[in-house]
Amino acid sequence: LGVADRLRSIVSTPDAISVRDGISGRELTRLPLGDWIAERHGAPYWILHRNDLHAGLLAAAQQSSDISLTTDSEVLSFEECDDHVEVRLADAKPARARALIAADGLWSRLRHQLDPTQPLRPIGKCAYRGVTPRSTFPSTLAANDVHIWLSPGAHAVHYPVRGGSAFAVVVIVDDAANAETWSAPAPDGWLASRAKNFPAPLNDLLESVGEWRMWQLQTLSPIDAWTSGRLALLGDAAHPVLPFLAQGGVLALEDAAVLAASLARDGLSTAEQLRAYAGSRQSRAVRVANASARNGRTYHLRGPMAVARNAVLRATPPSRLMAGLDWLYGWET
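Residues numbered from 1 in each chain as written. Predicted model: local features only at pLDDT ≥ 70, side-chain atom pairs only at ≥ 80, totals over all residues. Heavy atoms only, no water.

Regarding the overall build of the protein
Item 1. A tally of regular secondary structure across the protein gives eleven helices and 14 strands.
Item 2. In terms of overall size, the protein behaves like a compact globule, its C-alpha atoms giving a radius of gyration of 21 Å where 333 residues would be expected to give roughly 20 Å.
Item 3. Seen through its C-alpha atoms, the protein measures out along the principal axes to roughly 65 × 45 × 40 Å.
Item 4. Classification of the 333 residues of the protein by burial places 44% in the buried group.
Item 5. In the structure as shown, the protein presents an accessible area of about 16,900 Å², 51% of it carried by carbon and sulfur atoms.
Item 6. Each charge sign in the protein was given a centre, from 33 positive and 34 negative side chains, and these centres are 6 Å apart. (Helix = DSSP H or I, 4+ residues; strand = E, 2+ residues; numbered from the N terminus. Rg over C-alpha atoms; globule rule 2.2 N^0.38 Å. Buried < 20%, exposed > 50% of the residue type's maximum accessible area, 1.4 Å probe, protein only. Areas by Shrake-Rupley, 256 points an atom, 1.4 Å probe, with all protein chains shown as cover. Lys, Arg positive; Asp, Glu negative; His and termini not counted. Charge placed at Lys NZ, Arg CZ, Asp CG, Glu CD.)

Written out as structure tokens, the structure is:
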């Protein structure tokens, strides 16, 4: 996409994924990343703060003579016409275009207009997230790794961002709290009431985070039709993915690359180009969504099932576990 050089100085390239028992704190397995995954798939494993990724993409768009940006202009609805699609905006005259790509996220207004019968469903879990500077991070956990802590009904993840100068921390717990936004303030006292079973090193880490935000995890049945004439859905608007595989933003980037190639195909109408894009993406999106949901169930196991999970993780060679994800990390356009 032409933004790698902009991002290179602020990405983190972790050495491994350290999976730990969220009660005892013992490491269950250490899955290879770093040189191992770069050599296996021909590209490094990068982690970015989402704001940094957005900033890199925005800068590239602003410098392209092929792109015009209009911000603070809410899209209310669309109407298909014979040779164009017309978009109604909240504060401007209608806009006309060859195609409309609805990349308006989990609560997509345009997806609802396309198919109002597909409601979002809460799954009974909430995610709490924060970012803390490296200087406040417990030194025992500041390794250049992704850490995952598995506990009954909860798990925590933390990983370096912004070139290792900060750490992102996410805690996902079984919780029916309602927060229909991507970034609601976490209620006071949530940590003590919902994450009390974690071991001391992890609790020290969580206490180092100054501000927590939260969102309610929701899912959507697979959508049969991502397109309607000159409209196409992209990213979370088309296939919201639960955050147990770290692939939601990646899928949107993959969508964009495939969509661009489809729109450049000769001999097809705009509607046919959009259908070709959707047809080549839907099975992968479903596979990633299903794998992520399975991870979520596995992470939060209790009792004998958790004991069995931990035994499998300890007994299986780490490289074999990672090889099982070749289909995910080895994707190419």
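There's more to say after this.
Let's talk about the environment of Ala102
Item 1. The residue Ala102 is located in strand β6 (residues 100-102) in this model.
Item 2. Not counting residues up to four positions away in its chain, the partners in contact with Ala102 are Leu110, Leu231, Ala232, Leu233, Leu234 and Ala237. (Contact = heavy atoms within 4.5 Å.)

Some points on the packing of helix α7 (residues 248-263) against helix α8 (residues 270-299)
How two helices pack is summed up by the angle between their axes together with the distance between the axes.
Item 1. Relative to each other, α7 and α8 sit at 155°, their axes nearing to 8 Å. If you check the angle between α7 and α8, you find them roughly antiparallel. In the crossing of α7 with α8, the sense of the turn from one axis to the other is right-handed. Counting all contacts with α7, which are made through Leu251, Glu254, Asp255, Val258, Leu259, Ser262 and Leu263, the residues of α8 involved are Gln273, Leu274, Ala276, Tyr277, Ser280, Arg281, Arg284, Ala285 and Val288.
Item 2. Here the residues of the contact of α7 with α8 are counted per class, giving nine nonpolar, three polar and four charged. (Axes fitted to C-alpha atoms, helices over the stretch in contact; angles between N-to-C directions. Parallel < 35°, antiparallel > 145°, perpendicular 65-115°, else oblique. Left-handed = near helix turned anticlockwise from the far one by under 90°. Nonpolar A, V, L, I, M, F, W, Y, C, P; charged D, E, K, R; others polar.)

Some remarks on the pattern of salt bridges
Item 1. Taken as a whole and assessed by the stated rule, the structure comprises twelve salt bridges.
Item 2. Taking the shortest distance from any N to any O, the salt bridge between Arg162 and Asp52 comes out at 3.1 Å. Separated by 110 residues along the polypeptide, Arg162 in the loop between β9 (154-161) and β10 (166-174) and Asp52 in helix α3 (residues 50-62) bring together distant segments of the chain.
Item 3. Arg162 gets classed as partly exposed once you look at its relative accessible area, which sits at 33%.
Item 4. Assessed through its relative accessible area of 14%, Asp52 is described here as buried.
Item 5. Of the charged contacts, one joins Arg213 and Glu211 as a salt bridge, the two residues approaching to 3.4 Å between their closest N and O atoms.
Item 6. Salt bridges here are not isolated pairs; linked through shared partners, they connect Glu254, Asp255, Arg281 and Arg284. (Salt bridge = Lys/Arg side-chain N within 4 Å of Asp/Glu carboxyl O.)

Some points on the pairing of strand β7 (residues 121-133)
Where a strand is regular, its side chains alternate between the two sheet faces.
Item 1. As paired elements, β7 and strand β12 (residues 213-219) share six bridges and run antiparallel to each other. Residue pairing for β12: Cys126 is matched across the bridge by Gln216.
Item 2. Bridge count between β7 and β10: nine bridges; the pairing is antiparallel. The residue bridging Ala127 from the neighbouring strand is Ile172, located in β10. (Pairing = 2+ DSSP bridges.)

Describing the environment of Phe244
Item 1. By secondary structure assignment, the location of Phe244 is in the loop between β14 (231-233) and α7.
Item 2. Distance from Phe244 to Arg297, taken between C-alpha atoms, is 9.2 Å for residues 53 residues apart in sequence.
Item 3. The residues contacting Phe244, other than those within four sequence positions of it, are Lys125, His155, Ile172, Leu217, Ser292, Asn295, Gly296 and Tyr299.

Examining the nonpolar core
Item 1. Ranked by size, the top nonpolar core spans 32 residues in total, and within it Ile17, Val19, Ile148 and Leu217 carry the most contacts.
Item 2. Taken together, the elements giving at least two residues each to this core come down to β1 (16-21), β2 (27-32), β8 (145-151), β9, β10, β12, α8 and α11 (326-329).
Item 3. Here this core gets four residues from one element, more than from any other, and that element is β10.
Item 4. Among residues more than four places away in sequence, those in contact with Ile17 are Thr29, Arg30, Leu31, Leu33, Val146 and Ile148.
Item 5. Core analysis: the next-biggest nonpolar cluster, separate from the first, contains 24 residues, Trp149, Ala186, Trp190 and Leu191 among them. (Core = buried A, V, L, I, M, F, W, Y, C linked by side-chain atoms within 4.5 Å.)

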